[in-house]
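Listed below are the residues making up each chain.
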Amino acid sequence: MTSTRHAGIILILLMLLSGAATADLRFPTPELDEPLPETTTPEPRQGIWRHIEYVDAAVLAGAIVAASWFAFKRRSRRGIAVVMLLSLFYFGFYRLGCVCSIGAVQNAALSIGGDGYAVSFPIIAFLLLPLFGTLLFGRTFCGGVCPLGAIQDVVALKALKIPRPIEAGLSLFAVAYLAAAVLLAFSGTVFLICRFDPFVSIFRLVPVGKWIEQVAMGEAGRVSFSVAGRVDLLILGGVMLLVGVFVARPYCRYICPYSVLLRPLSRLSKWHVTITPDECVQCRLCENSCPYNAIEAPSAPDPGRHFGKLGLSVCLVLWPVMIAAGLCAGWLAGPAVSRTDHHVRLAEHLRRADAGEETDHDLAAAYDRQPLGADEIHAIAGRVRSRVRHGAMIVGGFVGLVAGMRLVRWSVRRRRPDYVPDRGTCLSCGRCFEVCPIERKRRNDAAASAGEDG
Amino acid sequence: MTDRDDKPKLTRRELLRRGLQAGGVVVLAGGTAGLISEAVAGKGDTVWQLDPDKCVKCGNCATRCVLDPSAVKAVHAYEICGYCELCTGYFDPKATELTTAAENQLCPTGAIVRTFKKDPYYEYSIDEELCIGCGKCVDGCERFGNGSLFLQVRHDRCVNCNKCTIAPACPADAFRRVPADQPYLLKTR
Ligand code: SF4
Ligand code: SF4
Ligand code: SF4
Ligand code: SF4
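Parameters and conventions
Residues numbered from 1 in each chain as written. Chains lettered and ligands numbered in written order. Predicted model: local features only at pLDDT ≥ 70, side-chain atom pairs only at ≥ 80, totals over all residues. Heavy atoms only, no water. Core = buried A, V, L, I, M, F, W, Y, C linked by side-chain atoms within 4.5 Å. Buried < 20%, exposed > 50% of the residue type's maximum accessible area, 1.4 Å probe, protein only. Helix = DSSP H or I, 4+ residues; strand = E, 2+ residues; numbered from the N terminus. Contact = heavy atoms within 4.5 Å. Domains from an automatic or database assignment. Near = heavy atom within 4 Å. Nonpolar A, V, L, I, M, F, W, Y, C, P; charged D, E, K, R; others polar. Buried area = accessible area lost by both parts, 1.4 Å probe. Salt bridge = Lys/Arg side-chain N within 4 Å of Asp/Glu carboxyl O. Polar contact = N/O pair within 3.5 Å; in protein donor to acceptor, adjacent residues only side chain to side chain.

Visitor: When you look at the nonpolar core in this model, what are you seeing that I'm missing?
Guide: As a rule of thumb, nonpolar side chains are buried together in soluble globular proteins. In this structure, Ile102(A), Leu127(A), Phe141(A), Val145(A), Phe199(A), Tyr251(A) and Tyr258(A) are the most contacted members of the largest nonpolar core, which totals 92 residues. At 9 residues, the largest contribution of residues to this core is made by helix H8 (residues 164–186) of chain A. The contacts of Tyr251(A), once residues within four sequence positions are left out, are Ile102(A), Leu148(A), Gln152(A), Tyr177(A), Ile193(A), Pro198(A), Phe199(A), Met240(A), Cys256(A) and Pro257(A). Within the second largest apolar cluster, 38 residues are counted, among which are Val72(B), Cys107(B), Cys131(B) and Cys158(B).

Here it is, written out as C-alpha cells:
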C-alpha cells in the first residue's frame, strides 16, 4: 500500500519539478557499459524497387498501346478485357492505385502553384500519356487501362439506361469536381481526388504488392497477412460498386475529373473505334449493347431550321448567364475553401481566442510552437483568403463555361445517318463489336479465309 | 463523322475539327514542356515525413492514415533519453505502482518495452507491431522528460500516398515532402 502511494507522490513531484527545469536535457543521460541502440530508419523502397515508378510509366504506355491495338487492329472485346484485367491487377492491387492519371492532375497544379514542390517524371507520364493516347485513339485508356474504370467495369452486370438529359446534367458534376480539385491542389492544401478516391481503399484491402515483393526478395518468412483499409473509404467504395452494378461505371460517367479532359480530346481524336468499319444496316442490335449509353441513334429527320436556330440562340444567351452564376458561386464558396489552409485556421483560432470563444487546443499548441506573431498570421491568412476567393471565382466561371459549351453543342443538330458511338462518352470498351451482325460476318469471313490460307 | 471518307472535299466542320485537333496537340505539347521544365528544376522523388518539432501530438496520426494501424509510429532517440526509472512516457500519471502492469502504462496498446539496464536505468523501446502512433507517450515524454520519444512516418509501412491523408488533418502543419534519400526528420542531441 505504501509503495502505491509512494509512486503516485513521486510522479506528481517529478512533474512539478520538471516543469521548472530549464537545462538542455531535464535528466542527465546515463553512462552505460554497452553502446546505445540507434534509432532505426527503414528505407522507403529497396533494391530493384527503388525506381518502380519508371516501370509503372512504361507499363502504362504499353497498356495504352495494347488496348488500342486490340480495339483497332484486332477489334476484339476479349483482348481489351484481358488488358483491362491485367492493368487492374498491376496498377490497382499490386501498385495500390497510387499514383494514377486522375490524381496526377493535382500534382501538376501544385507544382505550378509553387510552394517548392516539383512534379517528377513518372507523374508527368501518368498525366500526359493517356491524354496523348486519347488524342490519337479515343478513350482506349478508359476502356482498357485505368484501374478505377476497370474495377467498375467488372461489376457492371445489369446496366440500366439513364435518360440522356439526366446523364448530361450529372456529368457536369465532374467538371465542378475537377475545378475544385485543381483549386485546392494549387493552393497546396488538400488533394481532393485522392482524399475521396473510392477504390483505393479496396485496392489496399489486401496487401498483395507487399507479399510479392517480400517473396521476390527471399523474405517469405516475413510475409504478413494484415488487412488494412479505412472504414469510411471502404463504405464509399462499396456503395460505388453496388451502384455500379446497375449504373455502369458511375465514377467514370459522373465524377471522374480526368474525364473532363479526356472527353474533348476524344472528340478531336485522330482515330476512333467504330461499331463496324463496314456499312451499318440499321438493324438496331447495337442500340442497347453499350452499358455507358454512348451509342447514338441515327438522327431524326430535320426538325426544320427554325427550331434549330431558336434553340441555339436561347443557349447562346444562357451561356454568359451560366458563367456569371459560376463566378458568384465561386465568390460565395471562397471563405469555406480557404479554411483548409493552415494559416487561415490559425488566424481563425486567434480571432476566437480574442473574442473569448472556445477554441481548439491543438491549434493553440500549434500556434505556440511556431515563430510568427499574431499580426503576421492575420496578414498571411488575409492574403490566402483573397487568393483563394479569386481562384474559386475562376473555377466557378470555368464550370459555367463548360456547362454552356455542352448546352450549345447539344442544341446544334447534326446529320447522323447511322448508329455511331458518341466520341466524347465512348470508352472504347469494344462491347458493341460483339453484337453487330455485319461485324460478326466480317470476322467469320476473315477467320474462314485465314483457315483456307493455313 | 462517318461521312468523312465519302466526301473528298473538306467540309467546314472537318476544317474546324482539324484546327481544333492541331490546337489540342499544341496545348498538350506546351503542357508537357512546362511540366518537364518543372521536373528538371525539382529535386527528384519525395516521400512524406512529419517534423517532430512542429508536432503537437493531437492524435490524428493514429486515425487519419490510410493504413490501419497507421504508418506513423513512435520512435526513440536513445541518445537523448535519460533512461529514467520513472518514465513519464511509459507510466500513466494515475499509475499506482511502477510495474509493467497494463493499467500503469500510458500506451493504450502496451507497445513500449521496458528493459532493466543497470540500477537505476531502464531502456524503453517501441514494438512497432503494436504501436498505433497515437503520440500519448511522446506527449508524456516531452512534458515531463527529455523529449526523446517522437513520431515518424515509417517508410517500411507507408505507401507514400500522392498526398498523405494525415497532412491536411494535422493542426500543426507538421507534414511535408522530403527527399526520398533522406526520408527521416530525426531528433538528435
Ligand atoms: S473516366 Fe476516369 S475513372 Fe473512368 S476509366 Fe476514364 S480515367 Fe478512369
Ligand atoms: S497530426 Fe500532426 S500534430 Fe497530430 S500527432 Fe500527427 S504530426 Fe503530430
Ligand atoms: S503511446 Fe501511442 S505512440 Fe506511444 S508507443 Fe503507444 S501506441 Fe505508439
Ligand atoms: S503517406 Fe499515406 S500511408 Fe504514409 S503516413 Fe501518410 S496517409 Fe499513411
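Visitor: I tried to follow the environment of Gly92(A) on my own but got confused; where do I start?
Guide: Residue and element names in this part refer to chain A. Along the chain, the position of Gly-92 falls in helix H3 (residues 77–94). Classification of Gly-92 by relative accessible area gives buried; the value is 0%. Dropping the residues within four chain positions of it, Gly-92 is found in contact with Ser-87, Gly-97, Pro-147 and Phe-203.

Visitor: How do you make sense of the domain arrangement of chain B when you look at a structure like this?
Guide: Interface size is commonly expressed as the accessible area that is lost once the parts come together. Assigned domains within chain B: domain 1 (12–41) and domain 2 (47–179). Computed from C-alpha atoms alone, the centre-to-centre distance between domain 1 of chain B and domain 2 of chain B is 50 Å.

Visitor: Mind showing me how you'd approach the site of ligand 3 here?
Guide: What surrounds ligand 3 is a group of 13 residues, the closest being Cys107(B), Cys131(B), Cys134(B), Gly135(B) and Cys137(B). Across the shell around ligand 3, the residue classes break down as 9 nonpolar, 3 polar and 1 charged.

Visitor: Whenever I open this one, the domain arrangement of chain A confuses me. Can you help?
Guide: Residues and elements named next belong to chain A. As assigned here, chain A comprises domain 1 (2–22 + 55–274) and domain 2 (305–411). The interface of domain 1 with domain 2 comprises 14 residues on the first partner and 15 residues on the second. Interface area, domain 1 with domain 2, both sides summed: about 1300 Å², of which 75% is carbon and sulfur. Of all residues in domain 1, the largest losses of buried area upon contact with domain 2 belong to Leu-172, Val-175 and Leu-183, amounting jointly to 35% of the total for that side. If you look at where domain 1 meets domain 2, you find 0 salt bridges. Counting across the interface, domain 1 meets domain 2 through 1 residue pair in polar contact (both at pLDDT 80 or more).

Visitor: Which parts of the structure should I look at to understand the interface of chain A and chain B?
Guide: The partner chain B presents 86 residues to the 84 residues of chain A that form the contact. Carbon and sulfur atoms make up 60% of the surface buried where chain A meets chain B, a total of about 6900 Å² over both sides. On the surface where chain A and chain B come into contact, there are 2 salt bridges. We note a salt bridge from Glu142(B) to Arg369(A), for which the minimum N-O separation is 2.4 Å. Connecting chain A to chain B are 21 residue pairs in polar contact (both at pLDDT 80 or more). Those elements that place two or more of their residues in the side of chain A that touches chain B are helix H1 (2–20), helix H4 (101–112), helix H5 (121–137), helix H14 (259–267), helix H16 (342–354) and helix H17 (361–369) of chain A. Looking at the side of chain A that touches chain B residue by residue, the classes come out as 44 nonpolar, 20 polar and 20 charged.

Visitor: How do you make sense of the site of ligand 2 when you look at a structure like this?
Guide: Taken together, 13 residues sit near ligand 2, with Cys55(B), Val56(B), Cys58(B), Cys61(B) and Cys170(B) positioned nearest. Here the residues of the shell around ligand 2 are counted per class, giving 10 nonpolar, 2 polar and 1 charged.

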